[in-house]
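Here's the letter readout for the chains.
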Amino acid sequence: MSKETVQSFIKMVVEENLVQAQSTIKGYLNEKLTEILEEKYEQYAPTIFESAKPDFLDLDGDGNTKEPMKTAAAQAEQGDDDEDVEEDEEQSEEEEEDETEDEDEDEDEED
């Protein structure tokens, strides 16, 4: 607000020309608000309106959210298959150990 505008506004208020004073203030505030909004628009518009690429889910759990979901899904399936094989192997080993322990107990009872 220029010095002349401020003096004019004060004169309007003193002379109780409040409608004109209100109009002057509204005009000034609208100008300032428009300036600020234009600055903010220029600052944030490029980030809002640029073509957004989706953040991919980390389907395979490797921490890579940039790889396509199709690739991650395939890797997840491979990982599941590998885990299933490992689980089956562990389970087989445990069963064999249990059978061996049962046989040892049976032999101890016979002695």
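Let me sum up the structure you'll find in this document. Predicted model only: the values in this text are computed from it and were never measured.

The rules behind each value
Residues numbered from 1 in each chain as written. Predicted model: local features only at pLDDT ≥ 70, side-chain atom pairs only at ≥ 80, totals over all residues. Heavy atoms only, no water. Helix = DSSP H or I, 4+ residues; strand = E, 2+ residues; numbered from the N terminus. Buried < 20%, exposed > 50% of the residue type's maximum accessible area, 1.4 Å probe, protein only. Areas by Shrake-Rupley, 256 points an atom, 1.4 Å probe, with all protein chains shown as cover. Salt bridge = Lys/Arg side-chain N within 4 Å of Asp/Glu carboxyl O. Patch = residues over 30% accessible without salt bridge, like charges linked within 9 Å, V, L, I, M, F, W, Y side chains within 5 Å. Expected span 1.5 Å × (residues − 1). Contact = heavy atoms within 4.5 Å.

Details of the overall build of the chain
- For the chain, the count of helices and strands is three helices and zero strands.
- Each helix (α) and strand (β) of the chain, taken in turn from the N terminus, gives the series α-α-α.
- Looking at the chain as a whole, 5% of its 111 residues qualify as buried.
- Carbon and sulfur atoms make up 48% of the accessible area of the chain, which totals about 9900 Å².

Quick word on the pattern of salt bridges
- All chains considered together, the criterion is met by one salt bridge.
- With a shortest N-O distance of 3.6 Å, Glu35 and Lys32 are connected by a salt bridge. Pair noted here: Glu35 and Lys32 are both in helix α2 (residues 18-49), with a separation of three residues, about one helical turn.
- Take Lys32: its relative accessible area is 35%, and that puts it in the partly exposed class.

Observations regarding a nonpolar patch on the surface
- Together, Met1, Val6, Ile10 and Val14 give the surface a local cluster of nonpolar side chains, amounting to about 340 Å² of exposed area.
- Position of Met1 relative to the elements: it lies in the segment before α1 (3-14).
- On the basis of relative accessibility, which here comes to 35%, the residue Met1 falls in the partly exposed class.

Observations concerning α1
- Given a rise of 1.5 Å per residue, 12 residues ought to cover 16 Å, and the 17 Å separating the end C-alpha atoms of α1 matches this to within 8%.
- Immediately downstream of α1, the backbone of Glu16 shows phi near 60°, a positive value.

Let's talk about the environment of Ala73
- As for its placement among the helices and strands, Ala73 is situated in helix α3 (residues 69-110).
- Sequence separation between Ala73 and Gly61 is 12 residues; the distance between their C-alpha atoms is 9.9 Å.

Quick notes on the environment of Thr24
- By the secondary structure assignment, Thr24 is in helix α2.
- A relative accessible area of 21% means that Thr24 is categorised as partly exposed.
- The spatial distance from the C-alpha of Thr24 to the C-alpha of Thr5 is 8.3 Å, given a sequence separation of 19 residues.
- Those residues within four positions of Thr24 in sequence are excluded, and the remaining contacts are Thr5 and Met12.

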